[in-house]
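Summary of the model geometry
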Amino acid sequence: MWRSVSAGPPGYNIRMPRIAWFTPLPPTRSGIAAYNAELLPLLTPRFAIDVFTTPMPPPTPRADAHPPVFSAFDFAWKHFRAPYDLVVYQLGNAACHDFMWPHLFRHPGLVVLHDGHLHHSRARTLLTSGRVADYQAEFLANHPEAHVDLTQLVITDLADTIYYFWPMVRLVARSARLVAVHAPCLAAELTREHGVEVSTIRHGMIDPVTEAAVRAATEVRRRHRIPEGSVLFAAFGLVTREKRIRSGLQALARLVADGTDAYLLLAGGTTGYYDAEGEARALGVHDRVRIAGYVADEDLAPYVLAADVCLCLRWPTSRELSGTWIRAIAVGKPTVTTALAHTGDVPCLDPRTWRPRPAAFSDPARGPRRGGSPSDASPVSVAIDLLDEDESLRLAMSRLAADASLRRDLGHAAREYWSAHHTMECAVEDYEAAIQRALSRPAPHPRLPAHLVTDGTEQVRQMTGALGVGVDFLRTDRRI
């Protein structure tokens, strides 16, 4: 069905596709939730969108530009009564996306894959509910070349980094009408691995630089006791080992020992399995580290503006594109990143030579790019080689702390790069193209494990049958 709306002169109508949009929303602490809250109002003039989520956000006055929000439990009956033209899934490797999985395979649509790995999420969901056989079946369907014994490492809680070697995305990729990701390198990799078309949707962000944010940045430095003239490094997001916080603390310790007046601000929630404060004490830089705790997305801009350099490191990685890095370049800050295959198209400097790193990928949508020759775009970041992380990070932080002109040049190039590739206008343009492409494609019908296609009627029949109640009106061949 379509919703007809008036747009233009009287009597002129356009027909808008009806879209069911699955996503977490604030107050869920998720970058994807915050991203969708900004994105959705910009898409409503183009599509008739109903948003499905759980838990339901608290009722607040909403502008007309915001699409209506429903519980994910309402989707089945709403779709039965008035079928949607397309379902869009904002899928990531976290618990806040679990509610989408009962719908993914029964209602194939556009899957925006925010992580290139889903193993952590699926293993946790299935194994914590005692569904060992379902986990094994799903793992082997995603990785038919793997031995079933590999699943025992996960089942017995011995997996550790093995999750990253077995991403469990094949079934999602082959069941979707279209898959989209934020990194062109990842799109090419998934296309090669799974033989499906994968689109690139540029990760957009509304300009975070406002007069209020600039004024508040001074207060951030004062509140966290950063002396005037000191160089402030900052890392954002959940404070975990994967953010390479220990490496940053070690580099900070070496800088301070060499006489550099530097501080490190950690702005993000903490976890029970990593003690950054204790690590800082052990390294003797506790007095140079400020732990701000969780900062809401709407309050992050002053923190980023307060920093001189942003550390956006990550390993191991789920092949995600960092939203905190996008925010940092949008603000015009120099950044230090990890050199990863899926972000190989971003122009970066190597701190061991201070020359541009060769590009790993060329994206035609972004115009002429490097191919091992000097970049046609100014470097926007300093990228750290994982095989030389400690020394490269020390070199990067030392030079950036001492060289204000380099910080300025990198920040200026970063802001220009955001303006060209990562505004919300870029994202909306790519979403519109991806949605139209998905609308024109039929739903595929790959072979799936039984637990992904059952609709629950057989279970209801067994339960009610034990009570002597007949439910013959339930049909197992009916797809809702």
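The structure under discussion appears in the preceding block.
In this report, we go over the structure that sits alongside the text. Being a predicted model, the structure only gives us computed values, none of them experimental.

Considering the arrangement of structural elements, one finds Ala123 in helix α4 (residues 119–128). Given the relative accessible area of 3%, Ala123 is considered buried. The sequence separation of Ala123 and Ile155 amounts to 32 residues, and the corresponding C-alpha distance is 8.2 Å.

Quick look at the nonpolar core now. The nonpolar side chains of a soluble globular protein tend to be buried with one another. Ranked by internal contacts, the top residues of the largest apolar core, which has 36 residues, are Phe236, Tyr303, Cys310, Trp325 and Val380. At the level of secondary structure, the elements contributing two or more residues to this core comprise α10 (211–223), β9 (231–236), β10 (262–267), α13 (300–306), β12 (309–312), α14 (323–331) and α16 (404–421). When sequence neighbours within four positions are dropped, the list of residues in contact with Phe236 reads Lys243, Ala267, Leu300, Tyr303, Val304, Cys310 and Thr324.

Attention now moves to the packing of aromatic side chains. Enumeration according to the criterion identifies 13 aromatic pairs in this entry. Ring centres of Phe22 and Phe99 lie 6.2 Å apart, and the angle between their planes is 25°; this geometry places the pair in the stacked category. Of the two residues, Phe22 is situated in strand β2 (residues 13–22) and Phe99 in the loop between β5 (86–91) and α3 (101–104); the sequence distance between them amounts to 77 residues. Taking relative accessible area as the criterion, Phe22 reaches 0% and is therefore assigned buried. Three or more aromatic residues joined by ring pairs form one cluster here, namely Phe22, Phe52, Phe70, Phe75, Tyr84, Tyr89 and Phe99. Note that Lys78 overlies the ring of Phe70, its terminal NZ or CZ placed 4.2 Å from the centroid. The ring of Trp354 carries Arg399 above its face, with NZ or CZ at 4.7 Å from the centroid.

By the element assignment, His451 lies in the loop between α17 (424–439) and α18 (457–465). Accessibility expressed as a relative area gives 16% for His451, which makes it buried. Polar side-chain contacts of His451 include one of 2.7 Å to the side chain of Glu138. Those residues in contact with His451, other than ones at most four positions away along the chain, are Arg131, Asp134, Ala137 and Glu138.

Glancing now at the sheet that holds strand β14 (residues 348–350). If you walk across this open sheet you meet the eight strands as β11-β10-β9-β12-β13-β16-β14-β15, and the pairing is mixed. Each end of this open sheet is capped by a strand with a single partner; those strands are β11 (289–293) and β15 (355–356). Strands in contact with α14 are β9, β12, β13 (335–338) and β16 (381–384); relative to β13, the strand with the most contacts, it is inclined by about 155°.

Among the secondary structure elements, Trp418 is positioned in helix α16. What makes Trp418 buried here is its relative accessible area of 6%. With 38 residues separating them along the chain, Trp418 and Val380 place their C-alpha atoms 9.5 Å apart. Once you skip the residues sitting within four places of it in the chain, Trp418 turns out to touch Met205, Ile206, Asp207, Ile326, Ile329, Ala330 and Thr423.

This brings us to the pattern of salt bridges. In this structure the tally under the stated criterion is 28 salt bridges. Residue Arg357 is joined to Asp350 by a salt bridge in which the shortest nitrogen-to-oxygen separation is 3.5 Å. For Asp350, a relative accessible area of 11% gives the class buried. Note that Asp403 and Arg399 form a salt bridge whose closest N and O atoms lie 3.1 Å from each other. According to the relative accessible area criterion, Asp403 is buried, its value standing at 17%.

What follows deals with the packing of α14 against α16. At a minimum axis separation of 6 Å, α14 and α16 run at an interaxial angle of 110°. The orientation of α14 with respect to α16, classified from their angle, is roughly perpendicular. At the point where α14 passes α16, the crossing takes the left-handed sense. Within the contact between the two elements, α14 uses Trp325, Ile326, Ile329 and Ala330 and α16 uses Ala414, Arg415, Tyr417 and Trp418.

A few words on unusual backbone geometry. With omega at 15°, the peptide bond leading from Pro26 into Pro27 counts as cis. Along the chain, the position of Pro27 falls in the loop between β2 and α1 (31–43). The amide bond that connects Thr54 to the next residue, Pro55, takes the cis arrangement and shows omega of -5°. In this fold, Pro55 is placed in the loop between β3 (48–53) and β4 (69–71). You will see that Arg225, though not glycine, has its phi angle at about 55°, which is positive. Tracing the sequence through the fold places Arg225 in the loop between α10 and β9. Under the relative-accessibility criterion, Arg225 is labelled exposed at 55%.

Residue alternation in β12 divides its side chains into two sets, Val309 and Leu311 and Cys310 and Cys312, and both sets are buried. Strand direction decides the pairing type here: β9 and β12, joined by two bridges, are parallel. Across the sheet, the residue bridging to Phe233 is Val309, located in β12. A crossover connection joins β12 to the parallel β13 through α14; in handedness this β-α-β unit is right-handed.

Cut-offs used in this document
Residues numbered from 1 in each chain as written. Predicted model: local features only at pLDDT ≥ 70, side-chain atom pairs only at ≥ 80, totals over all residues. Heavy atoms only, no water. Helix = DSSP H or I, 4+ residues; strand = E, 2+ residues; numbered from the N terminus. Buried < 20%, exposed > 50% of the residue type's maximum accessible area, 1.4 Å probe, protein only. Core = buried A, V, L, I, M, F, W, Y, C linked by side-chain atoms within 4.5 Å. Contact = heavy atoms within 4.5 Å. Phe/Tyr/Trp six-rings, centres within 6.5 Å; stacked < 30°, edge-to-face > 60°. Lys NZ or Arg CZ within 6 Å of the ring centre and 35° of its normal. Polar contact = N/O pair within 3.5 Å; in protein donor to acceptor, adjacent residues only side chain to side chain. Pairing = 2+ DSSP bridges. Axes fitted to C-alpha atoms, helices over the stretch in contact; angles between N-to-C directions. Salt bridge = Lys/Arg side-chain N within 4 Å of Asp/Glu carboxyl O. Parallel < 35°, antiparallel > 145°, perpendicular 65-115°, else oblique. Left-handed = near helix turned anticlockwise from the far one by under 90°. Right-handed = clockwise from strand over helix to strand, strands pointing away.

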